[in-house]
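# Secondary and tertiary structure notes
One letter stands for each residue in the lines below.
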Amino acid sequence: MNYEEILEKLVKNNERIMVMTAENRAAIRNLPGKIGGRFIDTGITEMTLIGMASGLALRGRIPVAHALASFLTMRAFEFARTDVGIANLPVKLVGGFSGILSDGNGPTHQAIEDVSIMRGIPNMKVFCPADEDDMLICLEKVLLSESPYYIRYNNRKPEYKHNENFEEGKAEIIEVGKDINILTYGALFNEAYNAYKRLKDSGYNAGLINMRTLKPADENIIIDSLTNCSLTVSIEDHFLKGGLYSIIAETALKHNVMGKVIPFAFDEKWFKPALLNDVLEHEKLTPEAISERIINEYLKIKKNNGK
Amino acid sequence: MTKEKHNELKKVAYKVRQHIIHMSTDGGCFIGASLSCVDIIVYLYLSFLNINKNNLKSPDRDYLFLSKGHDVPALYGTLAEIGLLQKSRLKNHLKTNDFIYWHPNTNIPGIEFHSGSLGHLLSVAMGVAYDCKLKKQKNKIVVILGDGELNEGSVWEAFLVAASLKLDNLIVIVDRNKFQANIETEKLNKLEPLSDKLKSFGWSVRKINGHIFTEIDGLFSQLSVHSGKPMFIIADTIRGKGLPSIEERADRWFVNFTKEEVESLLHELKTREMSKLTSETLMVR
């Protein structure tokens, strides 16, 4: 089943589920004719979308509200914080074209602070699937949660067969490395996965972790990596501040553990708008560029330790 | 409306105004906006809305959303008078042992949703209204907006959507006291001609004097909801209504009076003899 088929099934099996959009129908194009009044398109009105979703949730519904990630999380931020967050309502906010998936749109559409701002809302959880399969595996549990959730919609084609067991706050562990551990989430998973394979092919004891939920984050795997692995790497299509790199730092301080970490993220900059593959090339986020930089950093650490 | 009902409404409104005056000290409150919407709120709870102690959780109850928020002393005063809120709790205004602060919150029985940030509760109410319609229920959903609140873009966004969704179980009342925080509305962002604006947005529009119970009743007792259009009611009111020394004064938006001034204002409410107010006028924003 694809995304909208799962939604359609949930709508039909569970009278609480409502599907909403602020006229962003990319992921739900066929639903309007199939679910009648359970589908609401408010037009290009992100504030009203979230306000109405809160009202529906007050009546016991679980609204799944879609909009472009930038406008959902930023134009309507205060509605997410004040209506959904304060009241702790089970509204599901689905952000489309987040991170690098906005490819050629330019910085107006680059939601690369969305994880940071949404996880800052008390009660709000954050789910960032690695690709379409990963999203579909976890979707039903996330949507049926009684918590508010921000979901980074991700329909990238999978290159890895994901673990079918999803638990909130538990990362998907592909492998735990001794030399290098890559922690990642969302749309750069494929690049991280291929970089991980290259590291292994080059003889490194490398690992790869798909975080899945950034809030709650799997603190155990972060502590484990910082403690037992020579180099931890974070890869995310997000600003450096406030995303996974920050979560690793917060976790390290909270549990008083330390380790060498290098981040792949956008540091005080938006990315160059272009078609996705060209963005990856330009921003040095291809598997080749990622693995090369990781190896250089790793060799530096080993050299310094040898002194 | 019977004479008895009219007297009852007047009596309750008078008591609610007393509650508001009592809340205007020890930290103070937004007295002007609270006094302007007293009569509307009292009317709604006593004569229009199906909301009582026994149906607060029932999906069939009517809903009232106070979007402008800072006029909450009028609402708490009314809830206390109709027995939803213990009167003794009003004395906990701004105390940490209770939740009676400057904006409504759901720790108080009868409050459907918190407000304080302007421009939110219309869309929240629309979610409720949509669900009631989808379930073919006959509840009425009432939202009270401030006229100053109409500066917020989210309100106009919601006006568009509510008409498109044909939410005809939704009644918006604007407390048109013609002031926002520190200034008259028409001296800042002109709202007039307000009724034409809303008509052009596809709403049914009515206008009443928000202090005359017979006029309020004339409209609400004949209100034809379920006409395909949401209803927009402009209630012409006076900010600070009931206290001549406060009425229509831009600088009496938020006040924190002394105990003596409170006593004097209670006397003024009864006699309309102007009080001598020496507390500094406060500009909060």
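Everything numeric in this text was worked out from a predicted model, so none of it was measured.

## Considering the overall build of chain B
When its secondary structure is counted, chain B shows nine helices and seven strands. Relative to the compact-globule value of 19 Å for 285 residues, chain B shows a C-alpha radius of gyration of 18 Å, a close match. In terms of overall dimensions, chain B has a C-alpha envelope of 55 × 45 × 40 Å along the principal axes.

## A closer look at the overall build of chain A
Broken down by element type, chain A carries 12 helices and 12 strands. In summary, chain A has a C-alpha radius of gyration of 19 Å against a globular reference of 19 Å for 307 residues, a match within 12%. Dimensions along the principal axes, computed over C-alpha positions, put chain A at roughly 70 × 40 × 35 Å. Taken across its 307 residues, chain A has 52% of its residues classed as buried.

## Regarding the domain arrangement of chain A
Residues and elements named next belong to chain A. Structurally, chain A comprises domain 1 (3–152) and domain 2 (172–306). One C-alpha centre belongs to domain 1, the other to domain 2, and the line joining them spans 27 Å. By residue class, the composition of the side of domain 1 that touches domain 2 is 11 nonpolar, six polar and seven charged.

## Notes on unusual backbone geometry
Across the junction of A:Lys215 and A:Pro216, the peptide omega takes the value 0 degrees, indicating a cis bond. If you trace the backbone, A:Pro216 turns up in the loop between strand S10 (213–215) and helix H9 (219–228). Going from B:Glu192 to B:Pro193, the amide bond is cis rather than trans, its omega being 0 degrees. Checked against the element boundaries, B:Pro193 lands in the loop between strand S5 (183–184) and helix H7 (194–200). Even without being a glycine, A:Asn88 presents a positive backbone phi close to 55 degrees. With respect to the helices, strands and loops of the structure, A:Asn88 is situated in the loop between helix H5 (77–87) and strand S4 (92–96).

## Things to note about the nonpolar core
Ranked by internal contacts, the top residues of the largest apolar core, which has 178 residues, are B:Ala125, B:Met126 and B:Val172. No other element matches the nine residues that helix H5 (residues 121–134) of chain B contributes to this core. Composition of this core by domain shows at least three residues from each of domain 1 (3–152) and domain 2 (172–306) of chain A. Leaving out residues up to four positions away in the same chain, B:Met126 has contacts with A:Met52, A:Gly55, B:Ala158, B:Val161, B:Ala162, B:Leu167 and B:Leu170.

## With respect to helix H1 (residues 3–13) of chain A
Residue and element names in this part refer to chain A. Looking at H1, one finds that the buried residues are Leu7, Glu8 and Val11. For H1, the angular spread of buried residues about the axis comes to 100 degrees, placing them on one side. Where the residues of H1 are buried, they touch strand S1 (17–21), helix H2 (32–35) and strand S3 (62–68).

## Quick word on the environment of B:Thr78
All names here are of chain B. Structurally, the position occupied by Thr78 is in helix H4 (residues 72–81). Along the sequence, Thr78 and Val42 sit 36 residues apart, while their C-alpha atoms lie 6.1 Å from each other. In contact with Thr78, not counting residues within four places along its chain, are Val16, Ile41, Val42 and Tyr45.

## A short note on the pairing of strand S11 (residues 231–239) of chain A
Residue and element names in this part refer to chain A. S11 sits mainly inside the fold: nine of its nine residues count as buried. The sheet contact formed by strand S8 (residues 180–184) and S11 spans five bridges and is parallel. Across the sheet, the residue bridging to Asn181 is Thr232, located in S11. Here S11 runs beside strand S12 (residues 261–266); their pairing, made up of five bridges, is parallel.

## Concerning the interface of chain A and chain B
Opposite the 22 residues of chain A that make contact, chain B presents 18 residues. Looking at the side of chain A that touches chain B, the elements that each hand over two or more residues are helix H3 (46–58) and H5 of chain A. At nine residues, the largest contribution of residues to the side of chain A that touches chain B is made by H3(A). Across the side of chain A that touches chain B, the residue classes break down as nine nonpolar, nine polar and four charged.

## A few points about the packing of H9(A) against helix H10 (residues 244–255) of chain A
Residues and elements named next belong to chain A. Between H9 and H10, the shortest axis-to-axis distance is 10 Å and the interhelical angle comes to 80 degrees. Put simply, H9 runs roughly perpendicular to H10. Contacts from Glu219, Ile222, Ile223 and Leu226 of H9 reach H10 at Ile248, Thr251, Ala252 and His255. Among the residues forming the contact of H9 with H10, the class breakdown is five nonpolar, two polar and one charged.

## What about the sheet that holds strand S5 (residues 125–127) of chain A?
Residues and elements named next belong to chain A. Taken together, the seven strands give an open sheet; going across it, the order is S2-S1-S3-S4-S6-S5-S10, and neighbouring strands pair in mixed fashion. Edge positions in the sheet fall to strand S2 (39–41) and S10, since each of these pairs with one other strand and no more. Geometrically, the sheet is characterised by an average inter-axis angle of 20 degrees between neighbouring strands, direction not taken into account. Pairing of S4 with strand S6 (residues 149–152) involves four bridges; the strand directions are parallel. Note on S6: the bridge partner recorded for Gly95 is Arg152.

Criteria and cut-off values
- Residues numbered from 1 in each chain as written.
- Chains lettered and ligands numbered in written order.
- Predicted model: local features only at pLDDT ≥ 70, side-chain atom pairs only at ≥ 80, totals over all residues.
- Helix = DSSP H or I, 4+ residues; strand = E, 2+ residues; numbered from the N terminus.
- Rg over C-alpha atoms; globule rule 2.2 N^0.38 Å.
- Buried ≥ 20, exposed ≤ 12 C-beta atoms within 10 Å, placed from the backbone.
- Domains from an automatic or database assignment.
- Nonpolar A, V, L, I, M, F, W, Y, C, P; charged D, E, K, R; others polar.
- Core = buried A, V, L, I, M, F, W, Y, C linked by C-beta atoms within 7 Å.
- Contact = placed C-beta atoms within 7 Å.
- Arc of directions from axis to C-beta.
- Pairing = 2+ DSSP bridges.
- Axes fitted to C-alpha atoms, helices over the stretch in contact; angles between N-to-C directions.
- Parallel < 35°, antiparallel > 145°, perpendicular 65-115°, else oblique.

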